[in-house]
Number of protein chains: 2
Amino acid sequence: MTKSFDELIAKTGAPKKLSIAVAQDSAVIEAAVEAKKRNIAIPVLFGDADKINAVAKEINADISDLEIVDIKDDLEAAHEAVKYVHEGHAEMYMKGIIDTKNFLKSVLDKEVGLRTGKALSHVAVFQVPGIDHLLFLTDVAFIPYPTLEDKKAMIEYTVNVARACGVEMPKVAPLAAVEVVNPKMSVTVEAAELTKLNEEGEIKNCIVDGPLSMDLAIDPEAAKHKNAGGRKIVGDADVLVFPDIHAGNLVYKTLVHTTNSENGCILTGTKAPVILTSRSDTFETKVNSIALAAVVAENLKKLQ
Amino acid sequence: MTKSFDELIAKTGAPKKLSIAVAQDSAVIEAAVEAKKRNIAIPVLFGDADKINAVAKEINADISDLEIVDIKDDLEAAHEAVKYVHEGHAEMYMKGIIDTKNFLKSVLDKEVGLRTGKALSHVAVFQVPGIDHLLFLTDVAFIPYPTLEDKKAMIEYTVNVARACGVEMPKVAPLAAVEVVNPKMSVTVEAAELTKLNEEGEIKNCIVDGPLSMDLAIDPEAAKHKNAGGRKIVGDADVLVFPDIHAGNLVYKTLVHTTNSENGCILTGTKAPVILTSRSDTFETKVNSIALAAVVAENLKKLQ
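Residues numbered from 1 in each chain as written. Chains lettered and ligands numbered in written order. Predicted model: local features only at pLDDT ≥ 70, side-chain atom pairs only at ≥ 80, totals over all residues. Heavy atoms only, no water.

### Section: the overall build of chain A
Working step 1: The secondary structure content of chain A amounts to eleven helices and eleven strands.
Working step 2: Computed over its C-alpha atoms, the radius of gyration of chain A comes to 20 Å, within 12% of the 19 Å expected for a compact globule of 304 residues.
Working step 3: Along the first, second and third principal axes, the C-alpha set of chain A runs to 60 × 40 × 35 Å.
Working step 4: By the burial criterion, 57% of the 304 residues in chain A qualify as buried.
Working step 5: Across chain A, contacts joining residues at least 24 apart in sequence account for 69% of those joining residues at least 6 apart.
Working step 6: On chain A, roughly 12400 Å² of surface is accessible, and the fraction owed to carbon and sulfur atoms is 50%. (Helix = DSSP H or I, 4+ residues; strand = E, 2+ residues; numbered from the N terminus. Rg over C-alpha atoms; globule rule 2.2 N^0.38 Å. Buried < 20%, exposed > 50% of the residue type's maximum accessible area, 1.4 Å probe, protein only. Contact = heavy atoms within 4.5 Å. Areas by Shrake-Rupley, 256 points an atom, 1.4 Å probe, with all protein chains shown as cover.)

Quick look at the structure:
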């Protein structure tokens, strides 16, 4: 069980090389410098060297010990940055000040990208006050309306991330408004199917129990009150699987904007961990995301 | 603007008569006694008088000043309790220890019930730490997959509840994962349609602006950061309209189980406010729900 991002950062092992695409952005440089300082990552900055140095000066960041690969054109910088990971020179890939569409094009590049042939997805890891372990939310940002097959892949990706973070046998809750199957709500039917696939050994290395309402998934007291004793998950879920991107994203932002949670996110379904932070993410979120990527890079190969 | 349930309770006016169906339940009696004590309600307990007195004795509740209508059969008790409201003897109707299905049957009874001919829906009112006004969430419990027409009705019901609570011109946010229309996401298309219906005067007495993500709806700082200045809602929404019951219920329970929020709920689309609390609701939630019903009973007629 990993309780916090501090514990998570302790599990990153030796610092991992981090390739950053179009790095001339103050928030990205700040996070990179911090990750270097905390021995989480060794950032390599792909982008316009003049601009990178100017931005660093502007925010008083010392980047004298960071490697810069000077490429003026943004698309070319992303191409070289992802190729650097593809060729094994770096273990993690991060978005700088390039729009998401072009960044993802580099991730999915057939020759130098990080595609596995499977769908890309997203995991958001949360440390929530009052909950004694990390929560792994999927998918709050990437797959709009996941099919049953997508959800199976999302669970497999996220279980691997949770295991890399030290959760030996993650408990996976496919969420819904209710905790019983209702044929009129396909979400609940699919949640039951995912549970069955797990029982039959088709989804491995985890315990799936759905459909589950949020209280039964995350609140042991509520689960006790509701007499959920016969279930495999009683308020102690590690992985929360959302019905669709709207439910996932609304809960994700509710946690971010109404609680004192910390979080970090990475893409999944890629050959190496990819960090796709958004402009509105805090400094702490960016550093947490790099740490999460580093833990996954450190431990994922051991698990497979 | 109403900031808290304490402020809300101050707006209930003279205590309203509250008819309770099948009242022999400790949690219901506790809430009824408290609502009487705080001058919110004058409860009338329909149910088995022997059992009601036994339960009251068990929990040391003084119900000597509460009216009891002794009816042993549960369905008959609900029938008489709802008829009491239908005939105007009481202004609010509340579920006791009768299952939801039979309780709703009494609400929808064609002869003595509280139906208006329109769909029933649900509003959950939240006081969330860090947010300086009450939030009105719809629909987190009742309509599984609302159509555009349902959403229009949900907004109208909830705007009336918000106005009864003192919000003169409620700001209504039809929520989604994103804040721009995406033709592949019908939720965003419908959110834009609701906005248009409001601009054309089809949805009145409120300001609708959607689609909106949760941060732009409830966090003024985030809205500022994202340059949402051109929008009608900049982190100051009063009413949150959810895409479907899964998104709504998952956010509702996230607020209940990870924040120190207070909440109260009533059904909407009925002739008089109906309180349908669940067993897992706290004492405070039950009392808040009665207060919310009382405020609506006090002010709704003035508005129409």
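### Describing the pattern of salt bridges
Working step 1: Applying the stated rule across the entire model yields 36 salt bridges over all chains.
Working step 2: For B:Lys171, the salt bridge is made with B:Asp236, and the minimal N-O distance between the two is 2.9 Å. Taken as a pair, B:Lys171 in strand S7 (residues 171-174) and B:Asp236 in the loop between helix H9 (220-225) and strand S9 (239-241) lie far apart in primary sequence, 65 residues in all.
Working step 3: In this structure, B:Lys224 engages B:Glu221 in a salt bridge whose closest nitrogen and oxygen atoms are separated by 3.6 Å. One end of the pair, B:Lys224, and the other, B:Glu221, are both in helix H9, three residues apart, so they sit about a helical turn from each other.
Working step 4: The exposure class assigned to B:Lys224 is exposed, which follows from its relative accessible area of 60%.
Working step 5: Residues participating in the shared-partner salt-bridge network are A:Glu34, A:Lys37, A:Arg38 and A:Glu284. (Salt bridge = Lys/Arg side-chain N within 4 Å of Asp/Glu carboxyl O.)

### As for the relation of the copies chain B and chain A
Working step 1: With an axial shift of 0.0 Å and an RMSD of 0.0 Å, the rotation relating chain B to chain A amounts to 180°. The operation mapping one copy onto its partner corresponds to a two-fold rotation axis. Nearest to the rotation axis, the C-alpha of B:Ala247 is located 2.0 Å from it, this being the minimum over chain B.
Working step 2: When the interface residues of chain B are mapped onto chain A, 100% of them are again interface residues, pointing to one common binding face. (Least-squares fit on C-alpha atoms with pLDDT ≥ 70 in both.)

### Description of helix H5 (residues 100-107) of chain B
Residues and elements named next belong to chain B.
Working step 1: Of the residues making up H5, those classed as buried are Phe-103, Leu-104, Ser-106 and Val-107. Along the axis of H5, the buried residues cluster in a sector spanning 155°; they form a single face. The outward face of H5, more than 90 degrees from its buried face, is lined by the exposed residues Lys-101 and Lys-105.
Working step 2: Residues of H5 that are buried make contact with strand S1 (16-21), helix H4 (74-86), strand S4 (92-95), strand S10 (262-268) and strand S11 (274-275). (Arc of directions from axis to C-beta.)

### Section: the interface of chain B and chain A
In many analyses, interface size is given as the accessible surface area lost on bringing the parts together.
Working step 1: Counting residues at the interface gives 36 residues for chain B, matched by 36 residues for chain A.
Working step 2: Taken as a group, B:His246, B:Leu250 and B:His257 account for 22% of the area that chain B buries against chain A, more than any other trio of residues on that side.
Working step 3: The tally of links between chain B and chain A comes to two salt bridges.
Working step 4: When the shortest N-O distance is used, the salt bridge between B:Asp215 and A:Lys253 registers 3.7 Å.
Working step 5: At the junction of chain B with chain A, the criterion picks out four residue pairs in polar contact (both at pLDDT 80 or more).
Working step 6: Looking at the side of chain B that touches chain A, the element that brings in the most residues is helix H10 (residues 245-258) of chain B, giving eleven residues.
Working step 7: Residues of the side of chain B that touches chain A, tallied by class, amount to 19 nonpolar, ten polar and seven charged. (Buried area = accessible area lost by both parts, 1.4 Å probe. Polar contact = N/O pair within 3.5 Å; in protein donor to acceptor, adjacent residues only side chain to side chain. Nonpolar A, V, L, I, M, F, W, Y, C, P; charged D, E, K, R; others polar.)

### What to know about empty space enclosed by the protein
Residue and element names in this part refer to chain A.
Working step 1: Using the criterion set out here, one finds four cavities of 30 Å³ or more in the structure.
Working step 2: For the lining of the largest cavity, the element with the most residues is helix H7 (residues 186-199), which contributes four residues.
Working step 3: For the lining of the largest cavity, the per-class residue count stands at eight nonpolar, no polar and two charged. (1 Å grid on protein atoms, 1.4 Å probe; cavity = no way out; pocket = protein on both sides within 12 Å on 5 of 7 lines; lining within 4 Å. Points joined across faces, edges and corners; volume = space filled by probe spheres on them.)

### Observations concerning the nonpolar core
Working step 1: By size, the foremost hydrophobic cluster in this structure holds 54 residues, and its most contacted members are B:Phe136 and B:Ile290.
Working step 2: Ranked by residue count, the leading element in this core is helix H11 (residues 283-303) of chain B, at ten residues.
Working step 3: Judged by nonpolar contacts, the second largest core, of 53 residues, contains A:Ile63, A:Met154, A:Ile155 and A:Ala164. (Core = buried A, V, L, I, M, F, W, Y, C linked by side-chain atoms within 4.5 Å.)

### Details of a negative patch on the surface
Working step 1: On the surface, a cluster of negative charge is made up of A:Asp73, A:Asp74, A:Glu76 and A:Asp99.
Working step 2: Note that A:Asp73 resides in the loop between strand S3 (67-70) and helix H4 (74-86). (Patch = residues over 30% accessible without salt bridge, like charges linked within 9 Å, V, L, I, M, F, W, Y side chains within 5 Å. Lys, Arg positive; Asp, Glu negative; His and termini not counted. Charge placed at Lys NZ, Arg CZ, Asp CG, Glu CD.)

### Re the confidence of the model for chain A
Working step 1: Counting all residues, the mean pLDDT for chain A is 95, and 99% of those residues have values of 70 or more.
Working step 2: Interface scoring of the predicted complex returns ipTM 0.95; its pTM is 0.96. (pLDDT = per-residue confidence, 0-100.)

### Quick word on the environment of A:Asp215
Working step 1: With respect to the helices and strands, A:Asp215 occurs in helix H8 (residues 214-218).
Working step 2: The exposure class of A:Asp215 is buried, given its relative accessible area of 2%.
Working step 3: Spatially, the C-alpha atom of A:Asp215 lies 38 Å from that of A:Pro15, the residues being 200 residues apart in sequence.
Working step 4: Every residue in contact with A:Asp215, bar those within four places of it in the chain, is listed here: A:Ala222, A:Lys226, A:Gly235, B:Lys253 and B:His257.
Working step 5: Polar contacts involving the side chain of A:Asp215 include one to the side chain of A:Lys226, which spans 3.0 Å.

### Considerations on the environment of B:Ala217
All names here are of chain B.
Working step 1: Along the polypeptide, Ala-217 turns up in helix H8 (residues 214-218).
Working step 2: Distance in space between the C-alpha atoms of Ala-217 and Glu-149 is 22 Å, their sequence separation being 68 residues.
Working step 3: Look past the residues within four positions of Ala-217 in its chain and what remains in contact with it is Ala-173, Leu-175, Leu-212, Ile-233, Gly-235, Asp-236, Ala-237 and Leu-240.

### Some details on the side chain of B:Asp139
Residue and element names in this part refer to chain B.
Working step 1: One can find Asp-139 in the loop between strand S6 (135-138) and helix H6 (148-164).
Working step 2: One buried charged side chain, Asp-139, makes no salt bridge at all; its nearest oppositely charged neighbour is Lys-151, positioned 11 Å away.
Working step 3: For Asp-139, the side chain forms a polar contact with the main-chain nitrogen of Ala-141, separated by 2.9 Å.

### What about unusual backbone geometry?
Only a minority of non-glycine residues have a phi that is not negative, and only a minority of peptide bonds are not trans.
Residue and element names in this part refer to chain A.
Working step 1: The step from Thr-138 to Asp-139 runs through a cis peptide bond, and the omega angle for that step is -5°.
Working step 2: Backbone geometry places Asn-39, a non-glycine residue, at a positive phi of 60°.
Working step 3: By the secondary structure assignment, Asn-39 is in the loop between helix H2 (26-37) and strand S2 (41-47).

### So, the pairing of strand S5 (residues 121-127) of chain B
Residues and elements named next belong to chain B.
Working step 1: Here S5 lies mainly inside the structure; six of its seven residues are buried.
Working step 2: As judged from the seven bridges shared by S5 and S10, these two strands associate in the antiparallel manner. Across the sheet, residue Phe-126 finds its bridge partner in S10, namely Asn-263.
Working step 3: As paired strands, S5 and S6 are joined by three bridges and run antiparallel to one another. Directly across from Phe-126, in S6, lies its bridge partner Leu-135. (Pairing = 2+ DSSP bridges.)

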